[in-house]
Amino acid sequence: MSDLIDLLRQLRTDYSHEIVRSLMLVTVLVLIRLVVGHILSSNVNVPVEERRRWSVSTRNVLFISGLAGIGLIWAEELQTIAVSMLAFAAALILATKELILCVSGFVVRHASNSYSLGDHIEVGNIRGRVVDIGLLSTTVMEIGPQHNAHQMTGRALTFPNSLLLSQAVIRENYMGDYVMHIINVPVGYQIPPTRAQHLLLTAAEEHCQQHVAAAKVHMERMAERYLVDTPSVEPRIGMQAVDEKRYQLILRIAIPAKERQRIEQAIIYQFMAACYPDTATAGQTASQSNN
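Here's a quick rundown of the structure. As a convention, each chain's residues are numbered from 1 in the sequence order in which they are written. Confidence filtering applies because this is a predicted model: local features only for residues at pLDDT of at least 70, side-chain atom pairs given and counted only at 80 or more, and all residues used for totals across whole chains, interfaces and linings. For the side-chain quantities, the full set of heavy atoms in the structure was used; hydrogens and water were omitted.

### Here's the deal with the environment of leucine 136
So, point 1. Only DSSP runs of H or I with at least four residues qualify as helices, and only runs of E with at least two residues qualify as strands; both kinds are numbered from the N terminus onward. Turning to its location among the elements, leucine 136 is positioned in the loop between strand E2 (126-133) and strand E3 (137-144).
So, point 2. Judged by relative accessible area, which is 37%, leucine 136 ranks as partly exposed.
So, point 3. Separated by 25 residues in the primary sequence, leucine 136 and asparagine 161 place their C-alpha atoms 5.7 Å from one another. Residue exposure (1.4 Å probe, protein chains only): buried if accessible area is under 20% of the type maximum, exposed if over 50%, otherwise partly exposed.

In structure tokens form, the structure reads like this:
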């Protein structure tokens with residue numbers, strides 16, 4: 001009780017002028033409100049709706065005037081409080097910067113629908129299947145270990161959602177059950193490019209032909225649903241010169257998302273067996289002997 005009394009004494013000593021002026025302002029506004037109310041109630045010749053409108057307008061004007069007056073009277077003290085609050089807010093933001101960025105990343109992911117549970121995504125150097133999405137972080141089952149591999153490594157990777165604010169999100173299975181898959185095959189110049197393209201295209205058509213019709217229907221459905229242009233589902237091959245020793249064939253195929261690893265390995269094995277029959281035969285013989 002004594003502390004409260006001391007506090008009231010301190011307030012009266014430090015802010016006596018402001019308290020007096022505030023009380024005077026409130027008193028004047030209350031008196032004006034009472035006088036106007038008495039005038040309106042006694043003037044029976046004025047319609048009720050008109051008197052009610054005047055009463056409401058007077059009340060609002062007096063309320064705004066009171067707030068403005070109190071703000072002017074306590075302007076210096078309010079400025080001191082505002083500066084203190086600003087300093088506190090700045091310190092709080094600096095202390096929780098990472099948490100704020102993580103929450104912001106979660107909001108961005110939710111607003112843009114960047115990915116959902118079960119999607120195969122790549123964010124920076126992290127690539128995997130999404131198994132958990134939290135307010136602060138996302139957990140994926142790693143796919144790799146290299147970018148061109150499509151098998152689970154058995155490792156779980158958790159990254160903060162703040163990465164979504166600075167890194168592009170690649171959603172590998174955006175097209176759903178069927179995906180456009182890219183296979184890069186480096187080839188030495190001892191294999192003529194025309195022959196290499198023919199062998200790779202033959203292998204791709206043999207392993208992908210059964211999926212072409214279904215992939216075409218699926219891509220047409222995706223184009224109607226998302227209003228986007230979809231590429232041809234037929235196997236396509238491009239070529240790039242890498243250096244003086246080798247060039248690179250770039251194969252694009254439309255296949256089921258779940259069979260990317262199996263079909264890719266089958267195409268590469270058939271292509272390598274056709275390009276280097278002795279090496280492929282020797283490798284197959286060694287594998288059989290080890291078994």
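### Quick notes on the packing of aromatic side chains
So, point 1. Planes of paired rings set the category: under 30 degrees apart is stacked, over 60 is edge-to-face and the rest tilted, where pairs are Phe, Tyr or Trp rings (Trp by its six-membered ring) whose centres lie within 6.5 Å. One pass over the structure, following the stated rule, counts 1 aromatic pair.
So, point 2. The residue whose ring lies beneath arginine 109 is tyrosine 115, and the NZ or CZ to ring-centre distance is 5.6 Å. Whether a charge sits over a ring depends on NZ of Lys or CZ of Arg being within 6 Å of the ring centre and within 35 degrees of the ring normal.

### Remarks on the sheet that holds strand E4 (residues 151-160)
So, point 1. By this definition, two strands are paired if DSSP reports at least two bridges between them. Read from one edge to the other, the open sheet built from 5 strands follows the order E4-E3-E2-E1-E5, with strand pairing classed as antiparallel. Unpaired on one side and paired on the other, E4 and strand E5 (169-171) mark the two borders of the sheet. For this sheet the average axis-to-axis angle between neighbouring strands, irrespective of direction, equals 40°. An axis is simply a line fitted to the C-alpha atoms; with a helix, the fit covers only the stretch in contact. Between two such axes, the angle follows the N-to-C directions and lies from 0 to 180 degrees.

### With respect to the side chain of histidine 181
So, point 1. Checked against the element boundaries, histidine 181 lands in strand E6 (residues 178-188).
So, point 2. Residues contacting histidine 181, with those up to four places away along its chain left out, are His150, Leu251, Arg252, Ile253, Ile255, Arg260 and Glu264. The contact criterion used throughout is that any non-hydrogen atoms of two residues lie within 4.5 Å.

### A look at the pattern of salt bridges
So, point 1. Salt bridge, as used here, is a side-chain nitrogen of Lys or Arg placed within 4 Å of a carboxyl oxygen of Asp or Glu. In total, this model carries 6 salt bridges according to the counting rule given.
So, point 2. Here aspartate 119 and arginine 171 are joined by a salt bridge, their closest N and O atoms 3.3 Å apart. Linking aspartate 119 in the loop between helix H5 (97-112) and strand E1 (120-123) with arginine 171 in strand E5, this pair joins segments that are 52 residues apart in sequence.
So, point 3. Residue classification places aspartate 119 among the buried positions, given a relative accessible area of 8%.
So, point 4. For arginine 171, a relative accessible area of 26% gives the class partly exposed.
So, point 5. With a shortest N-O distance of 2.6 Å, glutamate 172 and arginine 127 are connected by a salt bridge. Of this pair, glutamate 172 sits in the loop between E5 and E6 while arginine 127 sits in strand E2, and the two are 45 residues apart along the sequence.
So, point 6. A residue is classified by how much of its surface remains accessible, and glutamate 172, at 19% relative accessible area, is buried.
So, point 7. Each of Arg127, Glu172 and Arg260 takes part in one network of salt bridges that share partners.

### What to know about the nonpolar core
So, point 1. Buried Ala, Val, Leu, Ile, Met, Phe, Trp, Tyr and Cys residues that are joined via side-chain atoms within 4.5 Å together make up what is termed a nonpolar core. Val187, Leu249, Ile253, Ile267 and Phe271 are the most contacted members of the largest nonpolar core, which has 19 residues in total.
So, point 2. Counting residues per element, the ones that place at least two in this core are E6, helix H6 (193-226), strand E8 (246-256) and helix H7 (260-275).
So, point 3. Residue contributions to this core peak at 6 residues, all from H6.
So, point 4. In this view, phenylalanine 271 contacts Val185, Val187, Ala196, Leu199, Leu200, Ala203 and Leu249; residues no more than four positions away in its chain are not counted.

### Here's the deal with unusual backbone geometry
So, point 1. Residues other than glycine seldom take positive phi values, yet asparagine 113 does so here, at roughly 55°.
So, point 2. By the secondary structure assignment, asparagine 113 is in the loop between H5 and E1.

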